Amino acid sequence: MKLSGGVEWALHCCVVLTAASEPVPAARLAQLHDVSPSYLAKQMQALSRAGLVRSVQGKTGGYVLTRKASDITLLDVVQAVDGAAPAFVCTEIRQRGPLAAPPEKCVKPCPIARAMGAADAAWRASLADVTIADLVTSVETDSGPDALPGIGTWLTEGPGTR
């Protein structure tokens, strides 16, 4: 399964937004992740369209999560950024060419389509089983309990700091 790079950036943003005490501008998130502000803004807009984050207007505006981290799954983020279309689309190759099977012989999906559909379903189920809160817990385990609070502090400081 190949996902766009935007999925990784969006997931990182969701994780660090859990540590922010106030809305975080996309430009500040881009600075934290050393990525183009316009590129990151595109990912944040996708998350916003999906209802995972919302934009807060004003002098202290920026992005905030719209629900608890435990209520946002990796599948939610993947679908927000890359869409919900299946990874495999059967084009009924068996009905083409000189030995084409007639449509009446193709009443159920072929074994290839069934196997690929099952793999896609398993992949989606796996992503649906992991939440942003689970990632936060892993970050705390891997990097220590002060890692995310430190990021949260940095995110809400002025743009010229550090």
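So, how was this worked out
Residues numbered from 1 in each chain as written. Predicted model: local features only at pLDDT ≥ 70, side-chain atom pairs only at ≥ 80, totals over all residues. Heavy atoms only, no water. Salt bridge = Lys/Arg side-chain N within 4 Å of Asp/Glu carboxyl O. Helix = DSSP H or I, 4+ residues; strand = E, 2+ residues; numbered from the N terminus. Buried < 20%, exposed > 50% of the residue type's maximum accessible area, 1.4 Å probe, protein only. Pairing = 2+ DSSP bridges. Patch = residues over 30% accessible without salt bridge, like charges linked within 9 Å, V, L, I, M, F, W, Y side chains within 5 Å. Areas by Shrake-Rupley, 256 points an atom, 1.4 Å probe, with all protein chains shown as cover. Core = buried A, V, L, I, M, F, W, Y, C linked by side-chain atoms within 4.5 Å. Axes fitted to C-alpha atoms, helices over the stretch in contact; angles between N-to-C directions. Parallel < 35°, antiparallel > 145°, perpendicular 65-115°, else oblique. Contact = heavy atoms within 4.5 Å. Expected span 1.5 Å × (residues − 1). Polar contact = N/O pair within 3.5 Å; in protein donor to acceptor, adjacent residues only side chain to side chain.

## Section: the pattern of salt bridges
Opposite charge on two side chains makes pairing possible when the charged atoms of those side chains draw close. Taken as a whole, this structure holds two salt bridges when the rule is applied. Across the pair Glu-92 and Arg-94 runs a salt bridge whose closest N-O atoms are separated by 2.6 Å. The closest approach of N and O atoms between Asp-120 and Arg-124, which form a salt bridge, is 2.8 Å. Here Asp-120 pairs with Arg-124, and both are found in helix H5 (residues 111–128), just four residues apart, close to one helical turn. Residue classification places Arg-124 among the buried positions, given a relative accessible area of 13%.

## Things to note about the pairing of strand E1 (residues 53–56)
Within a regular strand, side chains alternate between the sheet's two faces. Where E1 meets strand E2 (residues 62–65), four bridges bridge the pair, whose relative direction is antiparallel. Of the residues in E2, the one forming a bridge with Ser-55 is Tyr-63. What sits between the antiparallel neighbours E1 and E2 is a turn of five residues, in which Gly-58 has the positive phi angle 110 degrees.

## Details of a nonpolar patch on the surface
On the surface, Phe-88, Ile-112 and Met-116 cluster together to form a nonpolar patch covering roughly 270 Å² of accessible area. Its place among the elements puts Met-116 in helix H5. For Met-116, a relative accessible area of 38% corresponds to the partly exposed category.

## Quick word on the nonpolar core
General note: in soluble globular proteins, nonpolar side chains tend to be found buried as a group. Ranked by size, the top nonpolar core spans 35 residues in total, and within it Leu-17, Leu-29, Met-44, Leu-47, Val-77 and Ile-132 carry the most contacts. Secondary-structure elements contributing two or more residues to this core are helix H1 (5–17), helix H2 (26–33), helix H3 (37–49), E2, helix H4 (74–82), helix H6 (132–143) and helix H7 (147–156). In terms of residue count, H1 provides more of this core than any other element does, eight residues in total.

## So, the packing of H1 against H3
Look at H1 against H3: their axes get within 9 Å of each other, and the N-to-C directions meet at 75 degrees. As far as their axial angle goes, H3 and H1 are roughly perpendicular. For the pair H1 and H3, the contacting residues are Gly-5, Gly-6, Trp-9, Ala-10, Cys-13, Cys-14 and Leu-17 in the first and Tyr-39, Leu-40, Gln-43, Met-44 and Leu-47 in the second.

## Considering H6
In this model H6 runs 16 Å from its N-terminal to its C-terminal C-alpha over twelve residues, within 8% of the 16 Å that 1.5 Å per residue would give. The backbone nitrogen of Ala-133 has a side-chain oxygen 3.3 Å away, supplied by the residue at the start of H6, namely Thr-131. Remark: Gly-144 follows H6 within two positions and exhibits a positive phi of approximately 100 degrees.

## Quick word on the side chain of Thr-131
Tracing the backbone through its elements, the reader meets Thr-131 in the loop between H5 and H6. By relative accessible area, which is 12% here, Thr-131 ends up buried.

Everything listed here is a matter of coordinates, which is why it stays silent on function.
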